[in-house]
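Residue strings, one per chain:
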2 protein chains.
Amino acid sequence: MFDVRCQKLISEFGLRSLLNELDISKKKLTVAQAMAIAIYEAYQGAQRVSPNPLVGCVILDSHGQFLSKGHHEVYGQAHAEINALKGLDKEQLQDATMIVTLEPCAHVGKTGSCALQIKDLPVKRVIYGLVDPFHLVAGKGAQILRDSGKEAIVYADYVGMDNNGQESRLLNQQLEILAENFLKNSRAQKPFVALKWAQSLDGKMALKNYQSQWITGELSRTYAHYLRSIYDGLIVGSGTILQDNPKLNIRLENFSKESKLVIIDPEATVYKTFESLELSRYHKKENIFFIVDAKSASSAAVFDFSAQAPGAFKNILFLNRGTSGFFSMQDIYQFCFERGMKSLLVEGGPSLIHQCLKQNAFDRIYAFVAPILMGNGLGYTDELPITSMNQKMQFTALEKIELGDDLLVTGLNWTYCYPIG
Amino acid sequence: MFDVRCQKLISEFGLRSLLNELDISKKKLTVAQAMAIAIYEAYQGAQRVSPNPLVGCVILDSHGQFLSKGHHEVYGQAHAEINALKGLDKEQLQDATMIVTLEPCAHVGKTGSCALQIKDLPVKRVIYGLVDPFHLVAGKGAQILRDSGKEAIVYADYVGMDNNGQESRLLNQQLEILAENFLKNSRAQKPFVALKWAQSLDGKMALKNYQSQWITGELSRTYAHYLRSIYDGLIVGSGTILQDNPKLNIRLENFSKESKLVIIDPEATVYKTFESLELSRYHKKENIFFIVDAKSASSAAVFDFSAQAPGAFKNILFLNRGTSGFFSMQDIYQFCFERGMKSLLVEGGPSLIHQCLKQNAFDRIYAFVAPILMGNGLGYTDELPITSMNQKMQFTALEKIELGDDLLVTGLNWTYCYPIG
């Protein structure tokens, strides 16, 4: 599926005409074009490579003509560079240039070191988008290549430190966005968190009586399933579950994966009624994580887990609500991170989205906006106090895509993204 | 300026490549392409032809190759057909086809009858988009042409009654949209009314303290001035004026026109303080219209117009507020219509927009959406009761255009547009 995060890339670099195999074959490309294609290619792995980063690779021959491309397809399997090299012989690779979105790996992990494999090929140079953010290996892959007499140069240096061209700025931004999960994980030791919601033009997520089906159209809802498929874990509030009794699975053609599901369930209401809920039919218990108010847990008279609980749940986090009356979202994210969820999609619920906004605890938003008015319903910022226009919440690296009549707006948190850990 | 209403046309018919004079010259066009260009051309007159309709015309030679185009440019001056015919000789026009967005006029008005002028030319046929909606002359222009031995055929008939092709459906819709003001006027004897507002993604038009400058960016604000320039009258509420002290003039490069300004001023507060307000420096008094509560007017002790008023205002409508506590917007529109305002742009104010929505008294919306969150501010539907998703307010013929980081959403009222009068 088309990832909305590539949209700017496609339009700015005219990628549509370059993505056709026949059109691109032997075509002479600039390094910027090749990097743009490598980024686009990398997104093809979005559903299967976590917790590895998305990586794409394009190889140009000695004349700068397109030879091949590849991406990291599945976690634990071949890296992008190796996939791009497939089927090419040494003659074709003589003095070739490899353009990769991330520094080739130095370490021998599940699949062997890419740098060590490239070192023995007649490739002339490797231009890579970002230095490996893991500080213990940063620069080591490039060093292996340089030691074997090849050029190995990060894209920003290749275009020149003082290059303020729109093209290279856009590409650098897109390289960061491509690797946003991985960079957040490496730099901050925290999961990357995206908020997803559906709203009307007038900013409502539900009617006063909590009705919300359906705000958006079919294309938006399919795209929402794509989003579920590219994040490791899904966070929902108990209100949404008790109100809508949703399946919360991933419904995409030719795709099967079960997300980890994190349920913010202060009073343990979902926990206690789990077997009667639709979602019990679609999720293995080991993939479900409850966040319960420590007070509820301790008042055994009311919440007697041992007696009433279905028994098999092991993933329960008991948290105290803060002075604000709600949990710290960062505590929840940390709990998830430690359990292998490197990226999280929060699906509100007006009150859950409100909490994430209020706590400024998110990296990206996906707002699906339907061109309808829902009147005096429930907004998600109605209790978010903003008293001066200077305090308005802003987003950066915005993308907008039409999905039928709806519009998907996505962007990064203006203040929060990429704190250097 | 690019009119957002042509956007669908441009993308569906690939007009960008056809709008260049050099590229289109002698190019063979389909009737649909020619009609699309005629519509696009017609919009060029949007700022100057009211109360006449927007009309565009394309002429193809006997081989179907592009000869010329023209539009109605200024009220009282040459019609589109005459402008398109300029500079063409009889030889070029031999067996030519004229494609016009509206039936050529039959009557001799300010500029003579187009049908009578075309009748004497060697043109073979005229394909026109819409029948003249004014029932006294509907079909008469076409009849004059037919009587002189030419084909004269409305576009829907030309493509065939049973043609359900997307292309012809789109064109017919676009022809109606092009003529929306004129059609509303003719069919309903009412003005065409568009609502315009700026909002944040979360649906807020101002902070709780009424701050709202600036929600949208510069491109949006320039486009808002374009909108002012294409409507005959501008309706604003006293709240906006007293809060922001705006100029409410049209600020566009190389353009000067003074709109008629209708101020909904229940307590006559703006009326009484007019001379101290910024707008007094930008508007002639004869162009200002006040809507005042009849009760306020009659309590002379409080509102002594004769003593305090600046004196020169003649356009005051005294209205009773209905049981809802607000004026009937339709009464206000009728007052404007009778004073030559065939199209109106309502610039809210959350409460004025709310009233127009609540009374379902509008034909089109222009919502400028900035990708920011404004929190617990003022929405425009917070008191619009909607209790079932079936009651959601919808729009049709939607267009969305990116204006910098902002998005302009425009569409027609789903329930209200084109009531047959």
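For the structure, see preceding data.
Residues numbered from 1 in each chain as written. Chains lettered and ligands numbered in written order. Predicted model: local features only at pLDDT ≥ 70, side-chain atom pairs only at ≥ 80, totals over all residues. Heavy atoms only, no water.

Participant: Just checking my understanding: could you explain the overall build of chain A for this structure?
Facilitator: Along the backbone of chain A there are 17 helices and 16 strands. Taken over the C-alpha trace, chain A has a radius of gyration of 23 Å; the compact-globule value for 421 residues is 22 Å, and the two agree within 12%. Each of the three principal axes of chain A carries a C-alpha extent, and together these read 75 × 45 × 40 Å. Put simply, chain A has 421 residues, and 58% of those count as buried. (Helix = DSSP H or I, 4+ residues; strand = E, 2+ residues; numbered from the N terminus. Rg over C-alpha atoms; globule rule 2.2 N^0.38 Å. Buried < 20%, exposed > 50% of the residue type's maximum accessible area, 1.4 Å probe, protein only.)

Participant: Can you walk me through the relation of the copies chain B and chain A in this structure?
Facilitator: The second copy of the chain is related to the first by a rotation about an axis and a shift along the axis. Expressed as a screw transformation, the operator carrying chain B onto chain A has a rotation angle of 180 degrees and an axial translation of 0.0 Å, and the superposed copies differ by an RMSD of 0.0 Å. Given the turn and translation reported, the copies of this chain are related as if by a two-fold rotation axis. Judged by C-alpha distance, glycine 203 of chain B is the residue of chain B that lies nearest the rotation axis, at 2.2 Å. A shared interface surface links the copies, since 100% of the contact residues of chain B are contact residues in chain A too. (Least-squares fit on C-alpha atoms with pLDDT ≥ 70 in both. Contact = heavy atoms within 4.5 Å.)

Participant: Explanation requested: the sheet that holds strand β10 (residues 288–293) of chain A in the structure shown.
Facilitator: Within a sheet, each strand pairs with its neighbour through backbone hydrogen bonds, oriented either parallel or antiparallel. Residue and element names in this part refer to chain A. Read from one edge to the other, the open sheet built from nine strands follows the order β11-β10-β9-β8-β12-β6-β13-β16-β15, with strand pairing classed as mixed. Only two strands of the sheet have a single neighbouring strand rather than two, namely β11 (316–319) and β15 (395–403). Going from strand to strand, the sheet's axes swing by 20 degrees on average, the running direction of each strand aside. Here β15 runs beside strand β16 (residues 406–413); their pairing, made up of seven bridges, is antiparallel. The residue of β16 that forms the bridge with leucine 403 is aspartate 406. The sheet contacts of helix α11 (residues 218–230) involve β6 (192–200), β8 (233–237), β12 (343–347), β13 (364–370), β15 and β16, and relative to β13 the element is tilted by about 165 degrees. (Pairing = 2+ DSSP bridges. Axes fitted to C-alpha atoms, helices over the stretch in contact; angles between N-to-C directions.)

Participant: Quick question: what am I supposed to make of the packing of aromatic side chains here?
Facilitator: The description of an aromatic ring pair uses the distance of the two centres, along with the angle that the planes make with each other. Residues and elements named next belong to chain A. Throughout the structure, instances matching the rule amount to 25 aromatic pairs over all chains. A ring pair is formed by tyrosine 223 and phenylalanine 368, whose centres lie 6.4 Å apart and whose planes are at 55 degrees; its orientation type is tilted. Residue tyrosine 223 is located in helix α11, and its partner phenylalanine 368 is located in strand β13; the two are separated by 145 residues in the primary sequence. Phenylalanine 368 carries the same exposure label as tyrosine 223, and that label is buried. Ring geometry for phenylalanine 274 and phenylalanine 290: centres 6.5 Å apart, planes at 80 degrees, overall edge-to-face. Of this pair, phenylalanine 274 sits in the loop between α13 (269–273) and β10 while phenylalanine 290 sits in strand β10; the two residues are 16 residues apart in sequence, bridging distant segments of the chain. A relative accessible area of 1% means that phenylalanine 274 is categorised as buried. The class for phenylalanine 290 is buried, based on a relative accessible area of 0%. Members of the aromatic cluster, connected to one another through ring pairs, are Tyr271, Phe274, Phe290 and Phe313. (Phe/Tyr/Trp six-rings, centres within 6.5 Å; stacked < 30°, edge-to-face > 60°.)

Participant: Honestly, the packing of helix α9 (residues 166–178) of chain B against helix α10 (residues 180–188) of chain B in this entry has me stumped. Any pointers?
Facilitator: Residue and element names in this part refer to chain B. Their axes nearest at 5 Å, the elements α9 and α10 cross at an angle of 70 degrees. In terms of their interaxial angle, α9 and α10 are classed as roughly perpendicular. Together, Glu176, Ile177 and Leu178 of α9 and Glu180, Leu183 and Arg187 of α10 make up the contact between the two elements. (Parallel < 35°, antiparallel > 145°, perpendicular 65-115°, else oblique.)

Participant: Could you clarify how one ought to interpret unusual backbone geometry in this entry?
Facilitator: Among all residues save glycine, negative phi is the norm, and among peptide bonds the norm is trans. The omega torsion of the bond from glutamine 213 of chain A to tryptophan 214 of chain A falls at -10 degrees, within 30 degrees of zero and hence cis. At the junction of serine 50 of chain B and proline 51 of chain B, the peptide bond is cis and its omega measures out at 5 degrees in the coordinates. Locating proline 51 of chain B in the fold gives a position in the loop between α3 (31–43) and β1 (56–60). Phi is positive for leucine 248 of chain B, close to 60 degrees, though the residue is something other than glycine. Note on placement: leucine 248 of chain B falls in the loop between α12 (238–244) and β9 (260–264). On the accessibility criterion, leucine 248 of chain B (4% relative accessible area) is buried.

Participant: What's the story with the side chain of serine 343 of chain A in this structure? I'm lost.
Facilitator: Residue and element names in this part refer to chain A. Summarising the element assignment, serine 343 is placed in strand β12. Overall, the relative accessible area of 1% leaves serine 343 in the buried class. Within polar-contact distance, the side chain of serine 343 engages the backbone nitrogen of aspartate 232 at 3.0 Å. Beyond its immediate chain neighbours, meaning those up to four positions away, serine 343 contacts Asn181, Pro191, Phe192, Ile230, Tyr231, Asp232 and Gly233. (Polar contact = N/O pair within 3.5 Å; in protein donor to acceptor, adjacent residues only side chain to side chain.)

Participant: Help me understand the sheet that holds strand β4 (residues 125–130) of chain A in this model?
Facilitator: Residue and element names in this part refer to chain A. Read across the sheet, five strands follow the order β2-β1-β3-β4-β5 without closing on themselves; strand pairing throughout is mixed. The sheet is open, and its two edges are formed by β2 (66–71) and β5 (151–154), each paired on a single side. Adjacent strand axes in the sheet meet at a mean angle of 15 degrees when their direction is disregarded. Of the pairings in the sheet, the one linking strand β1 (residues 56–60) to strand β3 (residues 97–102) comprises four bridges and is antiparallel in character.

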